[in-house]
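Report on the structure
Listed below, chain by chain, are the residues.
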Amino acid sequence: MPVITAEPFDFTCDIDTCALIVIDMQRDFVEPGGFGASLGNDVSRLMAIVPTVARLIDGARRAGMMVIHTRECHRPDLSDLPEAKRLRGSPSLRIGDPGPMGRLLVAGEPGADIVPELAPLPQELVIDKPGKGAFYATELGAVLSRRGIRQLIFAGVTTEVCVQTTMREANDRGYDCLLATDATESYFAEFKDAAVRMITAQGAIVGWATPTNTILEALNV
Ligand code: TIU
């Protein structure tokens, strides 16, 4: 079994029961004019990781690992959007409002799509999620159980919001979680660093962390 050098100690990966989960690499978070930008964020930091995420996805596919993609988005009638989430803060646009890439964070709109460089293959699982965590109000847990998945490698955005939330959900459900540190990003450099430290502290209290190349080398792809 591949042994991946990681913080705070080695992560032994069983490819047959491990999946790569790529969180919310959607145009709405990484391109100008989307939800992330509407919250006042500089999206260029997130766009910069796209080639690294692409290499990780390609390596996972070549290793024969299951690849899962998530999208944070809501039904067109917004019936799965809590008022508390719709009204939070004072963004330039609210979820569901028309923007340059269609209605913000609404399923089926161009902005809710995964960036073309990271497009899922037809047979890959795509989870649409109304919350920050990918297990909340989705079929993810049931699908992973059916497939016998026990380990998850994480990439995507943003590190301290949807990635960390999903890692914590997964950790509590019994999955071993490894974060690819250069295939994730935050709008705030210091939040990313803090999230990685929180995850790996106390003997991998939430999970492990290591760069993409270290994962790909261990997988021999
Ligand atoms: N705002 C922010 O940092 N993140 C989100 O709203 N969603 C995800 O992280 N996907």
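As shown above, the structure is provided for reference.
Residues numbered from 1 in each chain as written. Predicted model: local features only at pLDDT ≥ 70, side-chain atom pairs only at ≥ 80, totals over all residues. Heavy atoms only, no water.

To continue, consider the overall build of the chain. Tallying secondary structure elements over the chain gives nine helices and 10 strands in all. For 221 residues, the compact-globule estimate of 2.2 N^0.38 gives 17 Å, and the chain sits close to it at 17 Å. Structurally, the chain occupies a C-alpha span of about 50 × 35 × 30 Å along its principal axes. Looking at the chain residue by residue over its 221 residues, the buried ones come to 53%. A separation of at least 24 residues holds for 73% of the contacts in the chain among residues at least 6 apart in sequence. (Helix = DSSP H or I, 4+ residues; strand = E, 2+ residues; numbered from the N terminus. Rg over C-alpha atoms; globule rule 2.2 N^0.38 Å. Buried < 20%, exposed > 50% of the residue type's maximum accessible area, 1.4 Å probe, protein only. Contact = heavy atoms within 4.5 Å.)

Next up on the list: the site of the ligand. By nearness alone, every residue bordering the ligand is listed as Asp24, Phe29, Phe35, Leu39, Glu72, Lys132, Val157, Thr158, Val161, Cys162 and Tyr187. Here a nitrogen atom of the ligand sits 2.7 Å away from a polar atom, N or O, in the side chain of Asp24. Cys162 places a polar main-chain atom, nitrogen or oxygen, 3.3 Å from an oxygen atom of the ligand. Contact with the protein chains hides 92% of the accessible area of the ligand, taken as 280 Å² for the molecule alone. (Near = heavy atom within 4 Å. Polar contact = N/O pair within 3.5 Å; in protein donor to acceptor, adjacent residues only side chain to side chain. Areas by Shrake-Rupley, 256 points an atom, 1.4 Å probe, with all protein chains shown as cover.)

Examined against the element boundaries, Lys85 turns out to sit in helix α5 (residues 83–87). Accessibility expressed as a relative area gives 18% for Lys85, which makes it buried. Of the polar contacts made by the side chain of Lys85, one reaches the side chain of His74; its length is 3.0 Å.

The next thing to look at is the sheet that holds strand β4 (residues 66–72). What the six strands build is an open sheet, ordered β7-β4-β3-β8-β9-β10; its pairing is parallel. Across the chains shown, the open sheet's two edge strands, defined by having one partner strand only, are β7 (125–129) and β10 (208–210). In this sheet, adjacent strand axes meet at a mean angle of 25 degrees when their direction is disregarded. The sheet strands contacting helix α6 (residues 140–147) are β3 (18–23), β4, β7 and β8 (151–157), and the helix crosses β4 at an angle near 175 degrees. (Pairing = 2+ DSSP bridges. Axes fitted to C-alpha atoms, helices over the stretch in contact; angles between N-to-C directions.)

Considering the arrangement of structural elements, one finds Glu185 in strand β9 (residues 176–185). A relative accessible area of 10% means that Glu185 is categorised as buried.

This paragraph deals with unusual backbone geometry. Along the chain, Glu7 connects to Pro8 via a cis peptide bond; the corresponding omega equals 0 degrees. Note that Pro8 resides in the loop between β1 (3–4) and β2 (11–12). Following Val157, the chain continues to Thr158 via a peptide bond in cis, the omega torsion being -20 degrees. Residues other than glycine seldom take positive phi values, yet Leu105 does so here, at roughly 55 degrees. Position of Leu105 among the secondary structure elements: in the loop between β6 (102–103) and β7. Taking the relative accessible area as the measure of exposure, Leu105 reaches 0% and is therefore buried. Despite not being glycine, Ala137 has its phi angle at roughly 60 degrees, a positive value. By the element assignment, Ala137 lies in the loop between β7 and α6.

Counting residues in hydrophobic clusters, the biggest one holds 42 residues, and the most contacted among them are Leu20, Met25 and Met65. Secondary structure elements with two or more residues in this core: β3, α1 (27–30), α4 (50–63), β8, β9 and α9 (212–219). The biggest single contributor to this core is α4, with six residues. One finds Ile21, Ile68, Leu140 and Met167 within the second-largest nonpolar core, a separate group that totals 26 residues. (Core = buried A, V, L, I, M, F, W, Y, C linked by side-chain atoms within 4.5 Å.)

The next point concerns the packing of aromatic side chains. Taken as a whole and assessed by the stated rule, the structure comprises five aromatic pairs. A centroid spacing of 5.1 Å and a plane angle of 75 degrees characterise the contact between Phe11 and Trp208, whose relative ring orientation is edge-to-face. Here Trp208 lies in strand β10 and Phe11 lies in strand β2, a separation of 197 residues in the sequence. Exposure class is identical for Phe11 and Trp208. Each is buried. Feature note: the residues Phe9, Phe11 and Trp208 constitute an aromatic cluster, connected by ring pairs. (Phe/Tyr/Trp six-rings, centres within 6.5 Å; stacked < 30°, edge-to-face > 60°.)

Fair warning: the whole summary comes from geometry, so function is off the table for now.
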